[in-house]
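Residues per chain, in single letters:
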Amino acid sequence: MRKPVIAGNWKMYKTPQESLAFLEAFLPLVADHTRDEIFLFPSITSLSSALQAVAGTNVHAGAQTMHWLNEGAFTGETSPTMLTAIGCGHVLLGHSEQRLYFGETYERVNLKFKAAVAHGITPVVCIGEQLSEREAGRTEETLRLQVNTLLRNVTRAEAKHLILAYEPIWAIGTGRTATPDVAQQAHQIVRDELAACCGAELAGTTRILYGGSVKPDNISTLMAEPDIDGALVGGASLDPHSFARLVKYA
Ligand SMILES: O=C[C@H](O)COP(=O)(O)O
């Protein structure tokens, strides 16, 4: 009942030419794939040409972040209306690298989430604890607070558009994947908090992806867990063959 999503986040990699070369190789490899939804988040300079390249295919391209307002004096930012104007219908919000290096907060992610939904843009919102929080036994408290802040003043009608990505920060780009058990426990906590905020029905239909050193050889054990509904992939999404193998996990 929850269609899995396999999403690739290219972070600050790939020029527009490199993005198009990736898509030229990747799209035919996954053209017949219907089991999962496939999202790619290229850099903002590649987004427009990536959107044109994926038009009419089973792959969606989205932005890596956005502002919540339609326009204003906000140097460096991209607005929801700018994204919809180029046909962009997906956005990644609250990624830990935005939180750690650029001061992103869940109060702002909450505004961005509401703006995305208002503009018909599907948001994939990242949550996840730092190593120090896990070691201090504060994983559950951290995840509940993140979900709670994200969903403050969010109606059920808005919340039904949410896709969450649980990414333990200690597993991102480190090669240190959470074990399926550890990831499942966290996903269960997140689903439980969703139920507390928005009701059991919505918690049961919301897709929660796992992210953090997901590779073609570990995705199937993660996907076997009952509360893991897909993956948000960094490093292993940069190569078209590796990402296609990952999408087609057994
Ligand atoms: O958005 C993706 C995550 O940050 C995971 O990155 P990674 O697969 O390179 O660990």
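Heads up: the structure comes first, above all this text.
Now for a look at the structure at hand.

About the thresholds
- Residues numbered from 1 in each chain as written.
- Predicted model: local features only at pLDDT ≥ 70, side-chain atom pairs only at ≥ 80, totals over all residues.
- Heavy atoms only, no water.
- Helix = DSSP H or I, 4+ residues; strand = E, 2+ residues; numbered from the N terminus.
- Rg over C-alpha atoms; globule rule 2.2 N^0.38 Å.
- Buried < 20%, exposed > 50% of the residue type's maximum accessible area, 1.4 Å probe, protein only.
- Contact = heavy atoms within 4.5 Å.
- Areas by Shrake-Rupley, 256 points an atom, 1.4 Å probe, with all protein chains shown as cover.
- Lys, Arg positive; Asp, Glu negative; His and termini not counted.
- Charge placed at Lys NZ, Arg CZ, Asp CG, Glu CD.
- Phe/Tyr/Trp six-rings, centres within 6.5 Å; stacked < 30°, edge-to-face > 60°.
- Lys NZ or Arg CZ within 6 Å of the ring centre and 35° of its normal.

### Describing the overall build of the chain
In step 1: From N to C terminus, the chain includes 12 helices and eight strands.
In step 2: Its C-alpha radius of gyration of 17 Å places the chain within 12% of the 18 Å reference for a compact globule of 250 residues.
In step 3: Dimensions of the chain, computed from the C-alpha atoms along their principal axes, are close to 45 × 45 × 35 Å.
In step 4: Sorting the 250 residues of the chain into buried and exposed places 54% on the buried side.
In step 5: The long-range share in the chain, meaning contacts at least 24 apart out of those at least 6 apart in sequence, stands at 72%.
In step 6: Accessible surface, the chain as shown: approximately 11000 Å² in total, 54% of it carbon and sulfur.
In step 7: The averaged location of the 26 negative side-chain charges in the chain is 2 Å from the averaged location of its 21 positive side-chain charges.

### A few points about the packing of aromatic side chains
Given two aromatic rings, their pairing is described by the distance between the two centres and the angle made by the two planes.
In step 1: Per the counting criterion, the structure on display carries six aromatic pairs.
In step 2: Centroid distance tryptophan 10 to phenylalanine 22: 4.7 Å. Interplanar angle 70 degrees. Geometry classified as edge-to-face. Of this pair, tryptophan 10 sits in the loop between β1 (5-9) and α1 (16-30) while phenylalanine 22 sits in helix α1, and the two are 12 residues apart along the sequence. As far as the burial class goes, tryptophan 10 and phenylalanine 22 line up, both buried.
In step 3: Each residue in the set Trp10, Phe22, Phe26 and Phe243 is aromatic and connected to the rest through ring pairs, giving one cluster.
In step 4: Lying over the aromatic face of tryptophan 10, lysine 14 brings its terminal NZ or CZ to 5.3 Å of the ring centre.
In step 5: Above the face of the tyrosine 249 ring, arginine 35 is positioned so that its terminal group lies 3.9 Å from the ring centre.

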